[in-house]
Structures are given as C-alpha cells and as structure tokens.
Amino acid sequence: MTQSKLWGGRFSEDTDAFVEAFTASVGFDQRMYAQDIAGSLAHAAMLQKIGVLSAQDLTDIQTGLAAIKAEIESGEFEWSVGLEDVHMNIEAALTAKIGDAGKRLHTGRSRNDQVATDIRLYLRDACTEVEQELIRLATGYLDLASRNTDTIMPGFTHLQTAQPVTAGHHVMAWFEMAMRDLSRLQDCARRMNQSPLGAAALAGTTYPIDREMTASTLGFDGVCLNSLDAVSDRDFVIEFCAFAATTIMHLSRISEELVLWSSAQFDFIALPDRFCTGSSIMPQKKNPDVPELIRGKSGRVTGHLMSLLMLMKGQPLTYNKDNQEDKEPLFDTIDTLLGSLRAFADMVPAIEFKRESLISAAKKGFATATDLADYLVVKGVPFRDAHEIVGKAVGAGVEQQRDLADFTLDELQQFSPLITADVFDILTLEGSVASRNHIGGTAPEQVKHAVAQGHQRLSAAKQ
Ligand code: ARG
C-alpha cells in the first residue's frame, strides 16, 4: 500500500515497494518512541517560546503526543513501513490527529538531528540500566570473595599449577575487571550527554532557536558545538560498544574458568542447579550452560563493535543513510550485555568453592616450590642457585610421586644443608599464602582488606 510521503513534494512516482521496505527502519527504531516523543515535546516548547508556535499549537502537540504515546504503549498504534521510521510514523500520526500544528512541529529541525538526539537519549537510559547490573555483579564478587578469603586453591600461569592463592583473591581479580568496566561506562555516559538538537539537517537553522533550552529540558549537560559533527557523530555508540565488548570479554574469560572448574576433572566449584541444564541422553550431566552461552555471546558483541567501526570509517561528513545501520548492532549489544550481566549477577554469589578438592589440587604440581627457593635466599643462597636446588628437589618429587612437603628433613637436606626444620612452615599451603602479605597480595589478611576497600570504592563509584 502506498502512503503519502512527508517528503513527497518533488517526486513524480511512488517508491518501489521493495525499496520502501528495504530502506525502512521502523521495524527496529520504534523502540526509541519515548525518546522521540520527549525530543519533540522539548523542541515544541522551545518553538513556542521563540514565537514560532502559538500557545494553542503547543497544547495541541502536547495532547496529541501524549495520546500517541498511550496508543504505542497499549499496542494500538499502527506502525507503517511506508512511513519509513519512528520519526515520520509519529509525526504523521500527530498531524492526522491535530492538523496543521502537527505540520509545524518539524520547523527548524531535521530527522538528522532528531535521530542523533533519540539515540543519545535512548543509550543514556540504557547506560543507567547497565550500570545498575554491573554494580550488582561487582557486589556479588565482593560477597563471594568475602566468604573465601582463606579458601586455598592452586593459582595458574599457562594453566599449569604455579603458586597457591586464595579463592577470594582470585575473585577479587574479577572485581578489578568490573571496576574498570564501570569506570569506562561512566566515562562514555558522561561524554555522550550533549544535545545535537538544533543542528537540523547539518548546518543549523535560520530560526532564532534556543539550543540550551531544549538541551536542559532533555537533561543534557550541554549542546554539541558543531552542527556538522552533531548530525554525523556516532562515536558515542562506538564507545559504548567498546565498553560492552570489553565487559563481555571479561565475562567470557570468567565463564571459561567456571566451565573448567565445574568439570569433574577440576572439581573446584559447584554451580547452583538453577543455572545449569541436563542432557537428554546422559543422565549424569549437569552442563554449565549460562557461562558457556555468555562465552559464546561475547563473539557477537565484539562483532557489533567491528560492524560499527566499519560503518563509520568511510563516511564523509555529514549524515549519510549508512547511519541507519547503527541501531541494530547497538540495540543487540545493549540486550545481550544486559542479559549476560543479569545472569552473572544472579549466579556469582551462589557459586560454591569446594575447599577439600581445591586443597588437594593445590597440593599437586609443587605449588610451594617458589617458597622453598625464597627460603633458601633468606638463608644466603643467590636466587638462581636456589632455583636450581629446588628444581632438583622437584625432579626427585616427580620421580617418586611425592610433594615437597612429603620429604623428610634428612631428604631435603640432601639438596641443601642450609634447610632446617622450620622449612615445613613454608612448605604448607597456608604458610605460602599467608606470607604474601602486602597490598595486592594473596594473603587472607590482604584479601579481607581488599574486600573492605572494594565496598568503599563501589559506593564512591555509585556517585
Ligand atoms: N531512519 C533514519 C536513521 O535511522 C533517520 C534519519 C534519516 N534522515 C534522512 N535524511 N534520511 O538514520
């Protein structure tokens, strides 16, 4: 069905039906209806103040837009592909309702500054929602860490047993990732909060508009200072997606750990049943679906960031229709990230570290070898020589399938006569972690301190 176009004046034939559907964005940009209406209300109030609209026009526009909003929210509103996008659908409906005042609304404005405004408003709200989930997740990390400040587990490099650490310390590493993500989010939310409204198509407008007024009505911190940039800039979308890709990359890394750790081979943690699913054929299976899926979804979010960078890289100033392609990747990024954060924030505090199993894992793989070398250094052996001596002891342990702590004092003294009975204090896992007692170290005392500070840092970050 052909609908009369709001821009139909200079055209002598109807748009090709396929082209109409192909170029339309209403299928996905209608989710910005509330922002579009808020922008129109702010613009109309400003036009009335500068004398372009009468008081009656303004009242009609306000009443009309309120009715349209209610129709959209109740599902009665009929979206038309022929009207291309959310902006023209709402404008046409307004004119159908209130007549000429509806046609005057678009004075001193273009869809170019309108869409740029709508996306900023939409994304600003999304940032607030994402921020809340991220804070909830960070709080979950603190909670999990505080319950495991003295839970000992093997720490890894190259996925080989390296040195014993506390599980609380490991979880606090996740917390640090989340805090950096939060700071990136807040930074990008602050930078995006500038109003493009008034830039019109690209060059500004001949009407004596009050940009500060519309900006402050809409809760922006200020106005975009160059009209050409205002309509064509999508940096704020890219920045958000870069933040999102980094955040979900972190979730993906942590997911990988959760998947490994919940396997029978590692047996480090139990994930609550409500975050897992079973197998239709293997009755014993409990699959860590949530972390697996989030690991998978990280690829999609990273892909959206790449799409947006590619979308922008070839565009000359100012607005180009290409920009319509910004919305689907952005919306999917928001949805995917919010869902992933929500699932993670729900799941993390319910993770249970299996203490016994972690201790026996930490005992495998000579996790306290560095402690023995450090012990010899204190006794005056140069570190490289100490490394060599302990290497020999580890070699003997591998051959005889015994941990360093299983050797007798006599046996240890074969490797160095400087070893005395106090060596067993440091060959234990507890001794090993407790001795790394400095800021950022794995000692239970430090982890408790880090958790307490984490709470303070988080409440300061909430602003
Ligand atoms: N639907 C368009 C978009 O999403 C709105 C702006 C279109 N402006 C234009 N002059 N065609 O970017």
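The preceding data block contains the structure.
Residues numbered from 1 in each chain as written. Predicted model: local features only at pLDDT ≥ 70, side-chain atom pairs only at ≥ 80, totals over all residues. Heavy atoms only, no water.

(A) Molecular detail of the pattern of salt bridges. According to the stated counting rule, one finds 30 salt bridges in the structure shown. Of the charged contacts in the structure, one is a salt bridge between Lys321 and Glu84, with a shortest N-O distance of 3.0 Å. Here the residue Lys321 occupies a position in the loop between helix H12 (289–313) and helix H13 (327–347), and Glu84 occupies one in the loop between helix H4 (55–74) and helix H5 (86–98), the gap between them amounting to 237 residues. By sharing partners, the salt bridges in this structure join Glu84, Asp85, Arg111 and Lys321 into a single network. (Salt bridge = Lys/Arg side-chain N within 4 Å of Asp/Glu carboxyl O. Helix = DSSP H or I, 4+ residues; strand = E, 2+ residues; numbered from the N terminus.)

(B) Quick peek at the packing of helix H7 (residues 111–146) against H13. At a minimum axis separation of 9 Å, H7 and H13 run at an interaxial angle of 15 degrees. With respect to H13, the axis of H7 lies roughly parallel. For the crossing formed where H7 meets H13, the hand is left-handed. Residues Val115, Ile119, Tyr122, Leu123, Ala126, Glu129, Val130, Glu133, Leu134, Arg136, Leu137 and Tyr141 of H7 touch H13, and the partners they reach there are Lys327, Leu330, Phe331, Ile334, Leu337, Leu338, Leu341, Arg342, Phe344, Ala345 and Asp346. Considered class by class, the residues forming the contact of H7 with H13 number 17 nonpolar, no polar and six charged. (Axes fitted to C-alpha atoms, helices over the stretch in contact; angles between N-to-C directions. Parallel < 35°, antiparallel > 145°, perpendicular 65-115°, else oblique. Left-handed = near helix turned anticlockwise from the far one by under 90°. Contact = heavy atoms within 4.5 Å. Nonpolar A, V, L, I, M, F, W, Y, C, P; charged D, E, K, R; others polar.)

(C) Main features of the environment of Val390. Position of Val390 relative to the elements: it lies in helix H16 (residues 383–400). For the pair Val390 and Ile281, spaced 109 residues apart in the sequence, the C-alpha separation amounts to 49 Å. The contacts of Val390, once residues within four sequence positions are left out, are Ala369, Leu372, Ala373 and Leu376.

(D) How the structure looks around a nonpolar patch on the surface. A contiguous nonpolar surface patch, about 350 Å² in accessible area, is contributed by Phe18, Val19 and Phe22. Among the structural elements, Phe22 can be located in helix H1 (residues 17–23). By relative accessible area, which is 62% here, Phe22 ends up exposed. (Patch = residues over 30% accessible without salt bridge, like charges linked within 9 Å, V, L, I, M, F, W, Y side chains within 5 Å. Areas by Shrake-Rupley, 256 points an atom, 1.4 Å probe, with all protein chains shown as cover. Buried < 20%, exposed > 50% of the residue type's maximum accessible area, 1.4 Å probe, protein only.)

(E) Expanded view of the layout of surface pockets. Volume-wise, the largest pocket comes out at about 530 Å³. Considering the residues around the largest pocket, the lining is formed by 25 residues, among which His169, His170, Met172, Ala173 and Trp174 are closest to the centre. For the lining of the largest pocket, the elements supplying multiple residues, two or more each, are strand E1 (152–157), strand E2 (160–166), helix H8 (167–192), helix H11 (235–261) and helix H20 (444–461). With seven residues, the top contributor of residues to the lining of the largest pocket is H8. (1 Å grid on protein atoms, 1.4 Å probe; cavity = no way out; pocket = protein on both sides within 12 Å on 5 of 7 lines; lining within 4 Å. Points joined across faces, edges and corners; volume = space filled by probe spheres on them.)

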